[in-house]
There are 4 protein chains.
Amino acid sequence: MDATQTRPKRMPREVRERQMLDAAVAVFARRGYRAASMDEIAELAGASKPLVYLYLHSKEDLFSACIRREAEALISAVRGAVDRGAPADRRLWDGLRGFFAHTAAHPDGWAVLHCQARTHGEPFALEVAALRQQLVDVVTRLITETAEDGGCTAPLPETEVSGLAHALVGAAESLAGWSNERDGAAPSERETAATLMNFAWSGLENLANGRRWAPVGA
Amino acid sequence: MDATQTRPKRMPREVRERQMLDAAVAVFARRGYRAASMDEIAELAGASKPLVYLYLHSKEDLFSACIRREAEALISAVRGAVDRGAPADRRLWDGLRGFFAHTAAHPDGWAVLHCQARTHGEPFALEVAALRQQLVDVVTRLITETAEDGGCTAPLPETEVSGLAHALVGAAESLAGWSNERDGAAPSERETAATLMNFAWSGLENLANGRRWAPVGA
Amino acid sequence: MDATQTRPKRMPREVRERQMLDAAVAVFARRGYRAASMDEIAELAGASKPLVYLYLHSKEDLFSACIRREAEALISAVRGAVDRGAPADRRLWDGLRGFFAHTAAHPDGWAVLHCQARTHGEPFALEVAALRQQLVDVVTRLITETAEDGGCTAPLPETEVSGLAHALVGAAESLAGWSNERDGAAPSERETAATLMNFAWSGLENLANGRRWAPVGA
Amino acid sequence: MDATQTRPKRMPREVRERQMLDAAVAVFARRGYRAASMDEIAELAGASKPLVYLYLHSKEDLFSACIRREAEALISAVRGAVDRGAPADRRLWDGLRGFFAHTAAHPDGWAVLHCQARTHGEPFALEVAALRQQLVDVVTRLITETAEDGGCTAPLPETEVSGLAHALVGAAESLAGWSNERDGAAPSERETAATLMNFAWSGLENLANGRRWAPVGA
DNA sequence: CATGAATGAGGCTTCATTCAT
DNA sequence: CATGAATGAAGCCTCATTCAT
């Protein structure tokens, strides 16, 4: 009779669940975990609160589900961007581009992972730590291989490699935020990646060849 | 009547206020802004709740005061560590050491600035953004001078410099967290700074000299 | 298509309804009226929730139906146990045995009647009161006849008979719980009935003959 | 200015807490544990809900506190009514009068103990079971001594004594309800006690002397 | 000023119950 | 009829915040 009826839209569970996760990611990103209200999430999802609880059980579970979904999406984006078999520098370059492209396309998801999840206690921090560890692992492998390709004479100490990987990931995270904030003149993901690549590549090469900076007076 | 009563120590407002901020920073760092309760803060500060409200007006104001105090302390630590007049590389090195030393010495304050403040809406995010901008400005100046000292032929484009500065700050932030988490085997602030310096310095030098990495097939 | 599907067994309404009542009695006994959930009842009954509502209309109606069914079963058990025409003491003895046998055999039903129904507001309390009144009536008749058989000189005052009946029924109810709780060494319904009968019989006889206890100093 | 101000009545905690317990007992008695709402209790207590939670922590704790208070009051009433040193029959008589007087004076408390507490899961049932056990213990002692005073030749078997005690307590509980329900013509606690005493006393005497009822045909 | 009494507002969660398919 | 989608209403609990003493 009336095509404009809005209320009881029947939809398969799968679809509804995705809408809920979308809404939850948006609200968690905007407000933070504690300040986000299930009311707002439900409303944004176009569903009633009981339905949200029926499908996702609790605020905690909902947040976990968001983290898991976004983390998997990000990892997949990075993994899918690199061509196993390419040389190390190329793989680093491609991985960075994948990372920046994904974070730019999903700013809310990135905000949840980067800003919210780490600040709200064990259950969530652990899941994000697992994601971050995967990123760090990928980068660690690239650094090691890069060092080898670059003719490294002696293997770099493990602690230093770990530190470098964290530095690189931190730089990337920071640049992701930087390029997202510059509305209007946002650099393309290609430019962002180039900036970081220029910065990092020769640093790695130098390290691989034992050339280090040292304070003059010390 | 009774000299053994310990609780209602009369103290000058200045001292009391500092105790309150100390307590607040600790609780905000541990629990997050929303989950922190004024009750817990007052108790940890050893003061009554009405007094907290008398001095600091509201939870929001209290959080802002925390952010401002910690941000100023951090900036001062970095500024105080560098010797104006020293060459650019030395100043970067000293600034990094100051940064890592301070964040390691004040983990709660750093957690509030880095993890909590940015995730809780405009009023706070703005204050933290101002802090970060100051750090970025310092680094930007160093990069520019470094490029000049290194014999840069043409000035680097502004966007790229900004990106580099953000990358460097992000790397530093990430390393601060990394070195704090490694309980037991936490690297000294000197080692952490060295790791980043090794990584960054030659990158900057290369850039200053126009040597850039470029994708092979592009 | 597939003969192995087990769930949607078509069954006559009568059977389904009994299953539902069985499930409801079990759940109400275990959880109480308010804490029992229609979900749990439907699941235990092996039926879908809409069907439960189709047959039994509402939680309230369902509970009422449980009470009615269990009350009728109990009354029937007691009535069926006594042999009209036997002497009064024998009928009391048989009635008690019937009562204890039935409550022991249907602990959930007894729990619903004794524990749950009386504590949940008028609609249910009335139905249980009706049941209890029937029990009291039976007992009242027995007491009166016992008094006559025992050679009662003057009729007992009505209030006293009513009180005695309530005392007897209360004692029986209490013993039903007592014998059900003593897992392992649960006395047979015969022993339980004997305990109460020994206790009650001579009391009634004495009363019938006007012998009463009186406080010494009063 | 206006003596009719009603809202923020300041009162010492002790007083408020008693008002809350009074209100809670009334509401729990009327509605049952689950159906009672903290809103209604708070309103009846003339306090806000947060204050109820501040003092009594949770619905569960509140219910427990009610049970404990009412149980102690009842036990005290019974204990205080009997004169240690009086003969057994006199003590039974006095105890019953104390019991009926107290339950008649505090029908809500009695309802909570007798009807509500036992039907709502372990935490509460245990507390009530402890109370009931105390009553049963008292009665058990009286029965044993009565048997001895009455010239009991051989000690009664333990199970039988336990059964008798439960029967007597059940009868008393039932009579308490009976006399409370008869509004208008409610028998005095003295009459109620007399009814039960007449009923029970000769039964006990007979048992003590080995006279038992036995089915004719068995 | 310290203390303790007090609360409005709001958040998470759960049910009994109903349609559409 | 069985299924699964859907919700209004209500309940427990907590917190930032304020007075009176």
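Just so it is clear, the structure is predicted and the values come from calculations on it, not from any experiment.

Draft legend 1. Seen up close, the protein's contact with DNA strand F. Around DNA strand F, the structure places 34 residues, and the nearest of them are A:Lys9, A:Pro50, C:Leu51, D:Arg10 and D:Lys49. Atoms of DNA strand F within 4 Å of the protein: sugar and phosphate make up 61%, bases the balance. B:Met38 is positioned such that a nitrogen or oxygen atom in its backbone is 3.0 Å from a phosphate oxygen of DNA strand F. Within the side chain of D:Lys59, an N or O atom sits 2.8 Å from a phosphate oxygen of DNA strand F.

Draft legend 2. The arrangement of the interface of chain B and chain A in detail. Counting from both sides, the interface comprises 43 residues of chain B and, opposite them, 44 residues of chain A. Taken over both partners, the interface formed by chain B and chain A buries close to 3900 Å², and the fraction arising from carbon and sulfur atoms is 63%. For the chain B face of the interface with chain A, the top three residues by lost area are B:Asn198, B:Phe199 and B:Trp213, together amounting to 22%. The tally of links from chain B across to chain A stands at zero salt bridges. Inspection of the chain B/chain A interface yields nine residue pairs in polar contact (both at pLDDT 80 or more).

Draft legend 3. Main features of the interface of chain D and chain C. In this assembly, 44 residues from chain D lie in contact with 43 residues from chain C. Summed over both partners, the interface of chain D with chain C buries about 3800 Å², with 63% contributed by carbon and sulfur atoms. Contact with chain C buries surface across chain D, with D:Asn198, D:Phe199 and D:Trp213 losing the most and accounting together for 22% of the total. Between the two partners, chain D and chain C, sit zero salt bridges.

Draft legend 4. Local environment of the protein's contact with DNA strand E. Contacts to DNA strand E come from 34 residues, most closely from A:Arg10, B:Leu51, D:Lys9, D:Arg10 and D:Pro50. Backbone atoms, meaning sugar and phosphate, make up 62% of the atoms of DNA strand E lying within 4 Å of the protein. Separating a phosphate oxygen of DNA strand E from a backbone N or O atom of A:Met38 is a distance of 2.8 Å. Within the contact set of DNA strand E, a sugar or linking oxygen lies 3.2 Å away from a side-chain nitrogen or oxygen of D:Tyr55. Listing elements by their share of the surface near DNA strand E, those giving two or more residues are α3 (49–56) of chain A, α3 (49–56) of chain B, α3 (49–56) of chain C together with α1 (13–31) and α3 (49–56) of chain D. Counted by class, the surface near DNA strand E contains 17 nonpolar, six polar and eleven charged residues.

Draft legend 5. Molecular detail of the relation of the copies chain B and chain A. Here chain B sits on chain A after a turn of 179° about the axis and a move of 0.1 Å along it, with an RMSD of 0.4 Å. What the rotation and shift describe, once combined, is the action of a two-fold rotation axis. Residues of chain B ranked by C-alpha distance from the rotation axis are headed by B:Ala171, positioned 2.2 Å from it. An overlap of 98% is found between the interface residues of chain B and their copies at the interface of chain A, pointing to a shared contact surface.

Draft legend 6. Structural context of the nonpolar core. Counting residues in each nonpolar core, the largest one holds 137 residues, and the members touching the most others are C:Phe28, C:Leu196, D:Phe28, D:Leu62 and D:Leu196. Each residue touching D:Leu196, except ones within four places of it in the same chain, is listed here: C:Ala167, D:Leu96, D:Phe100, D:Leu168, D:Ala171, D:Ala172 and D:Leu175. In this structure, A:Leu21, A:Trp213, B:Leu92 and B:Leu204 belong to the second largest nonpolar core, which totals 136 residues.

Draft legend 7. Looking closely at the relation of the copies chain D and chain C. The two copies are related by a screw operation: chain D maps onto chain C through 178° of rotation and 0.1 Å of translation along the axis, at an RMSD of 0.4 Å. In this assembly, 95% of the residues forming the interface of chain D have copies in chain C that are likewise at the interface, indicating an isologous arrangement.

Draft legend 8. Inspection of the packing of aromatic side chains at higher detail. Taken as a whole and judged by the stated rule, the model has 34 aromatic pairs over all chains. When the ring of C:Phe28 is compared with that of C:Tyr33, the centres are 5.8 Å apart and the planes differ by 40°; the resulting orientation is tilted. C:Tyr33 matches C:Phe28 in its accessibility class, with the two residues each being buried. An aromatic cluster is present here, built from A:Phe28, A:Tyr33, A:Phe63 and A:Phe124 joined pairwise through their rings. One cation-aromatic arrangement involves A:Lys59 over A:Tyr33; the distance from NZ or CZ to the ring centre is 5.0 Å.

Draft legend 9. Quick peek at the pattern of salt bridges. Summed over the entire model, instances satisfying the criterion amount to 43 salt bridges over all chains. For the salt bridge of B:Glu160 with B:Arg212, the shortest nitrogen-to-oxygen distance reads 2.8 Å. Placement of B:Glu160 in helix α8 (residues 158–181) and of B:Arg212 in the segment after α9 (189–208) is noted, with a sequence separation of 52 residues between them. On the basis of relative accessible area, B:Glu160 is assigned to the buried category, the value being 9%. Given a relative accessible area of 41%, B:Arg212 falls into the partly exposed group. Residues joined in a network through salt bridges with shared partners are A:Asp22, A:Arg69 and A:Glu70.

Draft legend 10. Structural context of the packing of helix α1 (residues 13–31) of chain A against helix α6 (residues 107–116) of chain A. Residue and element names in this part refer to chain A. Closest axis-to-axis distance for the α1/α6 pair is 8 Å, and the angle between their directions is 50°. Between α1 and α6, the angle is such that the two are oblique. Crossing angle aside, the handedness with which α1 passes α6 is left-handed. The segment α1 lies against α6, with Val25, Ala26, Phe28 and Ala29 engaging Asp108, Gly109, Ala111, Val112 and Gln116. Classifying every residue of the contact of α1 with α6 gives six nonpolar, two polar and one charged.

Draft legend 11. Quick look at the UniProt feature "domain: HTH tetR-type" (unreviewed entry) in chain A. Within this numbering scheme, the UniProt entry marks residues 14–74 of chain A as carrying the feature "domain: HTH tetR-type" (unreviewed entry). From the first C-alpha to the last, residues 14–74 of chain A spans 21 Å; its make-up is 82% helix and 0% strand.

Cut-offs and rules
Residues numbered from 1 in each chain as written. Chains lettered and ligands numbered in written order. Predicted model: local features only at pLDDT ≥ 70, side-chain atom pairs only at ≥ 80, totals over all residues. Heavy atoms only, no water. Near = heavy atom within 4 Å. Polar contact = N/O pair within 3.5 Å; in protein donor to acceptor, adjacent residues only side chain to side chain. Contact = heavy atoms within 4.5 Å. Buried area = accessible area lost by both parts, 1.4 Å probe. Salt bridge = Lys/Arg side-chain N within 4 Å of Asp/Glu carboxyl O. Helix = DSSP H or I, 4+ residues; strand = E, 2+ residues; numbered from the N terminus. Nonpolar A, V, L, I, M, F, W, Y, C, P; charged D, E, K, R; others polar. Least-squares fit on C-alpha atoms with pLDDT ≥ 70 in both. Core = buried A, V, L, I, M, F, W, Y, C linked by side-chain atoms within 4.5 Å. Buried < 20%, exposed > 50% of the residue type's maximum accessible area, 1.4 Å probe, protein only. Phe/Tyr/Trp six-rings, centres within 6.5 Å; stacked < 30°, edge-to-face > 60°. Lys NZ or Arg CZ within 6 Å of the ring centre and 35° of its normal. Axes fitted to C-alpha atoms, helices over the stretch in contact; angles between N-to-C directions. Parallel < 35°, antiparallel > 145°, perpendicular 65-115°, else oblique. Left-handed = near helix turned anticlockwise from the far one by under 90°. UniProt positions renumbered as here; feature names shortened; annotations may be inferred.

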